[in-house]
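Here are the chains, one letter per residue:
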Amino acid sequence: MWFLVRASLAAFGLILPVVRVQALIVLVVLILLRTEIRWSHEDVMLGNLGVSHLKIYALSAVPVVALEIAAGVVGRLLLGPAL
Amino acid sequence: MTPGSNEYLFLADSIGKSFWGKKVLKSATMWARPGVITVLFGLNGSGKTTLIRCALGLLRADHGMVRYDGRSYLRPRLHRLARRGVFFVPDRGLLSRRLRLDRQLRVVAERFEASNAKERLERLGVSHVLSRAAHTLSGGERKRMELAMAGIRKPRCLILDEPLTEIEPKDRGFVNGVLREMSADGCAIIVTGHDVDDLMALADDVIWVVGGTTHGLGTTEEAKAHHQFRREYIGPRGT
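Residues numbered from 1 in each chain as written. Chains lettered and ligands numbered in written order. Predicted model: local features only at pLDDT ≥ 70, side-chain atom pairs only at ≥ 80, totals over all residues.

Quick look at the overall build of chain A now. When its secondary structure is counted, chain A shows four helices and zero strands. Along chain A, helices (α) and strands (β) appear in the sequence α-α-α-α when read from the amino end. Taking all 83 residues of chain A together, the buried fraction comes to 25%. Taking contacts inside chain A between residues at least 6 apart in sequence as the whole, the part at least 24 apart equals 67%. (Helix = DSSP H or I, 4+ residues; strand = E, 2+ residues; numbered from the N terminus. Buried ≥ 20, exposed ≤ 12 C-beta atoms within 10 Å, placed from the backbone. Contact = placed C-beta atoms within 7 Å.)

This is how it looks when you write it as structure tokens:
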């Protein structure tokens, strides 16, 4: 479910390649990601393994942000001139 | 009662917590001593889970502090405590739904360089479910797998939130036996729950969470003799 929400947002970012919207989407995606980590079962297990929330968050966020930026770049290349 | 001596391996002292203006914990204290099983009793909504989650840094307490193995934490974090020997088994489950159990166990065993995984799994009777995903296990199997994981970790302080809830009555004595063995090895254990008979049989030390605070009732015999505890928690049936 979480993945679908994030994917939908990324798709929205792709069709609306405006930098401010992209930035907002990245922010929302990161907040969703943080909520997902906080509410998942894995946070306690990873805590028991000595892994900090910050590290989990950073490791999870890097690919998400990279994906969003890539979506933004592709969107701008494809649709930018039309906007 | 606020214990202050060094015999306490883990001490969460004067923890307070409010949710949206509603005070759940006014000033609650819990502790764990090596080789001792401490049971936290309390009605639903009394704040047992909140106390544990604040003590481990999974919730931010409004006030209070945690002392573990001689070090004080104003803002404790589970990962920091875990690196020094704390292991937490929450009531909502510990196992990941995304990974097969053998992979999860391998991660724990490798992280803590444990060599007792096979023995622990056989002791808990869950060695046959390793190829399955966590969500396909029954409640009892899941709890036993979590205990096996805790055993593989060999923690110095084990905190379990309602570990007997999904265990069948006939298996509760066995689970208690496993916790007893860990305690005999020097592990400091904190357990919460409502199964008064089973937990009274397990407890060395009893804490009662009531009215946003905690009362250290002492041994099970002392707890059973506590008039208010009997009247308000155990009820007329007694133990």
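This part covers the interface of chain B and chain A. Every contact between the two is made by 17 residues of chain B and, on the other side, 10 residues of chain A. Residue assignment for the side of chain B that touches chain A shows that the elements contributing at least two residues are helix H2 (78-83), strand S6 (86-89) and helix H3 (101-111) of chain B. With four residues, H2(B) is the largest single contributor of residues to the side of chain B that touches chain A. For the side of chain B that touches chain A, a count of residues per class yields nine nonpolar, three polar and five charged. (Nonpolar A, V, L, I, M, F, W, Y, C, P; charged D, E, K, R; others polar.)

Residue and element names in this part refer to chain B. With five of five residues buried, strand S3 (residues 37-41) is to be regarded as a mostly interior element. Here S3 shows no split at all, with Ile37, Val39 and Phe41 on one side and Thr38 and Leu40 on the other all buried. Sheet topology note: the S3/strand S8 (residues 188-192) ladder contains four bridges and is parallel. Within S8, the position partnered with Thr38 by the bridge is Ile190. Strand direction decides the pairing type here: S3 and strand S9 (residues 205-210), joined by four bridges, are parallel. Residue pairing for S9: Leu40 is matched across the bridge by Ile207. (Pairing = 2+ DSSP bridges.)

A few words on the nonpolar core. Residue and element names in this part refer to chain B. The biggest cluster of nonpolar side chains holds 73 residues, and the ones touching the most others in it are Leu51 and Ile189. For this core, the element with the most residues is helix H5 (residues 139-153), which contributes six residues. Excluding anything up to four places from it in sequence, Ile189 contacts Ala32, Ile37, Thr38, Leu158, Leu179, Met182 and Ser183. (Core = buried A, V, L, I, M, F, W, Y, C linked by C-beta atoms within 7 Å.)

With that out of the way, let us pick up the packing of H3(B) against H5(B). Residue and element names in this part refer to chain B. Contact pair H3 / H5: the axes reach a minimum separation of 9 Å and the direction vectors enclose 20 degrees. On the basis of the axis angle, H3 is roughly parallel to H5. In the crossing of H3 with H5, the sense of the turn from one axis to the other is right-handed. For the pair formed by H3 and H5, the contact residues are Leu101, Leu105, Val108 and Ala109 on the first element and Met145, Met149, Ile152 and Arg153 on the second. In terms of residue class, the contact of H3 with H5 is built from seven nonpolar, no polar and one charged. (Axes fitted to C-alpha atoms, helices over the stretch in contact; angles between N-to-C directions. Parallel < 35°, antiparallel > 145°, perpendicular 65-115°, else oblique. Left-handed = near helix turned anticlockwise from the far one by under 90°.)

A few words now on the confidence of the model for chain A. Averaged over all residues, the pLDDT of chain A equals 73, while 70% of them reach at least 70. Mean pLDDT in chain A bottoms out at helix H1 (residues 2-15) of chain A, which sits at 63, and peaks at helix H3 (residues 42-48) of chain A, which reaches 88. (pLDDT = per-residue confidence, 0-100.)

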